[in-house]
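Below, each chain spelled out in residue letters.
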Amino acid sequence: MTRHLLKAEIHCHIEGATPPALAATQARKYGVDASKVLRDGAYVWSDFSEFLVCYDAVAALFKTADDYALLTETYLLELAAANTIYSEIIVSPDHGDRIGLGADAYLAGICDGIHAAREKTGIEARIIVTGERHFGPDRVISAAEYAARAKNPLVTGFNMAGEERMGRVADYARAFDIARDAGLGLTIHAGEVCGAFSVADALDLVKPSRIGHGVRAIEDPALVERLAELGTVLEVCPGSNIALKVFPDFDSHPLKRLKAAGVRVCINSDDPPFFHTSLAREYEIASGVMGISDGEIDEMTRTAIEAAFVDEATRAKLIARFDAQSGSEAGDEAAIRA
Ligand SMILES: Nc1ncnc2[nH]cnc12
Ligand SMILES: [Zn+2]
């Protein structure tokens, strides 16, 4: 049981966190026929390309800043109820532009949702702006420029998501230069759909402190060693990887092997309802299915906080909160054993 463990995640896409019931409500609200992507309370897709299409269709059901505030608050309240103290939310200003809302209102809605959830539960959150790789290098550069000039205290990182098979990392490196110059933390989806070479490209050309997924690095032992030496944090999303058939089952998932090899890893939900999961379930899988001990799970949660794109005062507060709880439980266990 992992219910009692404090949790943190640094990789969840906001539209990907839409509960199917909320998507259905949004579709009714706007008179949209969502039956191609939402059936019997579940999202409909069968491979990575279809998943991205389904994702974009669900994103298009959110049309106002208030819609985004509701979505963000709903997601964070569920996390807080599962003992989560921190989340980093991946957002795409392109979605705001595509629905005609505009990036500023899109971002303002998400910030409202973060403030509302923090007021109710104390959960802390930050925003990572992402470029969508399948929209091409120019859009990804625009997303980086937008993040750089947003000067929004909740926007602390830059990412690139989307179709990993489109182009090479080099085509997008300029976007990361812009984000780096603006002082944003850098992470990039790699080693999910594409193999180890994409992780190597990311390390060579982006030099991020974290990589989204990165799990296919396991195909290259020298690369695993390099990740461990660099201390690059992998934002691992096991349920997503199984749903998208990156690995056939949890037994063959490399989370444990990467950790054992000294790579810094943490547990994340990615697009939870699309993959029939939640952060709470990901922790349960790590424990009950992968056989990872509570102590090791705590190490991964601590890694997420250590790697979070927050100011040092906020990090210190989160670490103190985390250590106080995991420490007191270690103390309780010792008392039980004595
Ligand atoms: N798992 C994933 N990989 C790449 N892009 C995404 N966008 C949303 N989820 C994603
Ligand atoms: Zn992702």
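Just above sits the structure.
Residues numbered from 1 in each chain as written. Chains lettered and ligands numbered in written order. Predicted model: local features only at pLDDT ≥ 70, side-chain atom pairs only at ≥ 80, totals over all residues. Heavy atoms only, no water.

## Section: the site of ligand 1
Next, step 1: Near ligand 1 you find His 13, Phe 48, Phe 51, Tyr 55, Ala 161, Gly 162, His 189, Glu 192, His 213, Asp 270 and Asp 271, and these make up its full shell.
Next, step 2: One of the backbone nitrogen or oxygen atoms of Gly 162 is found 2.8 Å away from a nitrogen atom of ligand 1.
Next, step 3: Here Asp 270 contributes a side-chain N or O atom positioned 2.7 Å from a nitrogen atom of ligand 1.
Next, step 4: Protein coverage of the free-state accessible area of ligand 1, which is 260 Å², stands at 99%. (Near = heavy atom within 4 Å. Polar contact = N/O pair within 3.5 Å; in protein donor to acceptor, adjacent residues only side chain to side chain. Areas by Shrake-Rupley, 256 points an atom, 1.4 Å probe, with all protein chains shown as cover.)

## Brief notes about the packing of aromatic side chains
Next, step 1: Inspection of the entire model under this criterion finds 11 aromatic pairs.
Next, step 2: Pairing Trp 45 with Phe 275 gives two aromatic rings, centres 5.8 Å apart and planes at 85°, and the pair type is edge-to-face. Pair noted here: Trp 45 is in the loop between strand S3 (42-43) and helix H2 (48-59) and Phe 275 is in the loop between strand S10 (264-267) and helix H12 (279-289), with a separation of 230 residues, a long-range link. Neither residue differs from the other here; Trp 45 and Phe 275 are each classed as buried.
Next, step 3: Plain terms: the ring middles of Phe 48 and Phe 51 are 6.2 Å apart, the flat faces sit at 40° to each other, and that makes the pair tilted. Here Phe 51 and Phe 48 lie together in helix H2, a separation of three residues that amounts to about one turn.
Next, step 4: Overall, Phe 48 belongs to the buried group, its relative accessible area being 9%.
Next, step 5: By way of ring pairs, the aromatic residues Tyr 43, Trp 45, Phe 48, Phe 51, Tyr 55, Phe 274 and Phe 275 are connected into one cluster.
Next, step 6: The aromatic ring of Tyr 30 is capped on one face by Lys 63, whose charged end is 5.6 Å from the ring centroid.
Next, step 7: Positioned over the ring face of Phe 309 is Arg 210, at 3.8 Å from the centre of the ring. (Phe/Tyr/Trp six-rings, centres within 6.5 Å; stacked < 30°, edge-to-face > 60°. Helix = DSSP H or I, 4+ residues; strand = E, 2+ residues; numbered from the N terminus. Buried < 20%, exposed > 50% of the residue type's maximum accessible area, 1.4 Å probe, protein only. Lys NZ or Arg CZ within 6 Å of the ring centre and 35° of its normal.)

## Remarks on the pairing of strand S4 (residues 84-91)
Next, step 1: Most of S4 is tucked away: eight of the eight residues are buried.
Next, step 2: Judged from the five bridges that link them, strand S1 (residues 7-13) and S4 form a sheet pairing that is parallel. Residue pairing across strands places Ala 8 opposite Tyr 86, the latter belonging to S4.
Next, step 3: As paired elements, S4 and strand S5 (residues 124-132) share six bridges and run parallel to each other. (Pairing = 2+ DSSP bridges.)

## Describing the coordination of the zinc ion (ligand 2)
Next, step 1: Taken together, His 11 (NE2), His 13 (NE2), His 189 (NE2) and Asp 270 (OD) make up the protein donors of the zinc ion (ligand 2), found 2.0 to 2.3 Å from the metal.
Next, step 2: Along the chain, the residues that donate to the zinc ion (ligand 2) are spaced as H-x1-H-x175-H-x80-D. Of this pair, His 13 sits in strand S1 while Asp 270 is found in the loop between S10 and H12, placing the two residues 257 residues apart along the sequence.
Next, step 3: A relative accessible area of 2% places Asp 270 in the buried class. (Donors = N, O, S within 2.8 Å, 3.2 Å for Na, K, Ca; no water.)

## Observations regarding the packing of helix H1 (residues 20-29) against helix H3 (residues 65-81)
Next, step 1: With their axes 12 Å apart at the nearest point, H1 and H3 run at an angle of 165° to one another. In terms of orientation, H1 lies roughly antiparallel with respect to H3. By crossing handedness, the relation of H1 to H3 is classed as right-handed. In this structure, H1 contributes Leu 22, Gln 26 and Lys 29 to the contact, and H3 contributes Asp 67, Leu 70 and Leu 71. (Axes fitted to C-alpha atoms, helices over the stretch in contact; angles between N-to-C directions. Parallel < 35°, antiparallel > 145°, perpendicular 65-115°, else oblique. Left-handed = near helix turned anticlockwise from the far one by under 90°. Contact = heavy atoms within 4.5 Å.)

## Some thoughts on the environment of His 134
Next, step 1: Note on placement: His 134 falls in the loop between S5 and helix H6 (137-150).
Next, step 2: In this structure His 134 comes out as partly exposed when scored by relative accessible area, which is 23%.
Next, step 3: His 134 sits 141 residues away from Phe 275 along the chain, and the two C-alpha atoms are 21 Å apart.
Next, step 4: Once residues lying within four places of it in the same chain are set aside, the contact partners of His 134 are Leu 52, Asp 56, Gly 162, Glu 163 and Met 166.
Next, step 5: A distance of 3.2 Å separates the side chain of His 134 from the backbone nitrogen of Glu 163, its partner in a polar contact.

## A short note on the pairing of strand S7 (residues 185-190)
Next, step 1: In terms of burial, S7 is largely enclosed, as six of its six residues are buried.
Next, step 2: Handedness of the β-α-β unit built from strand S6 (residues 155-161), helix H7 (residues 173-181) and S7 comes out right-handed.
Next, step 3: For S7 and strand S8 (residues 210-213), the ladder comprises four bridges, and the chain directions are parallel. Opposite His 189, over in S8, you have Gly 212 as the bridge partner.
Next, step 4: As for the winding sense of the linkage, the β-α-β connection from S7 through helix H8 (residues 196-205) to S8 is right-handed. (Right-handed = clockwise from strand over helix to strand, strands pointing away.)

Geometry only, nothing functional implied.
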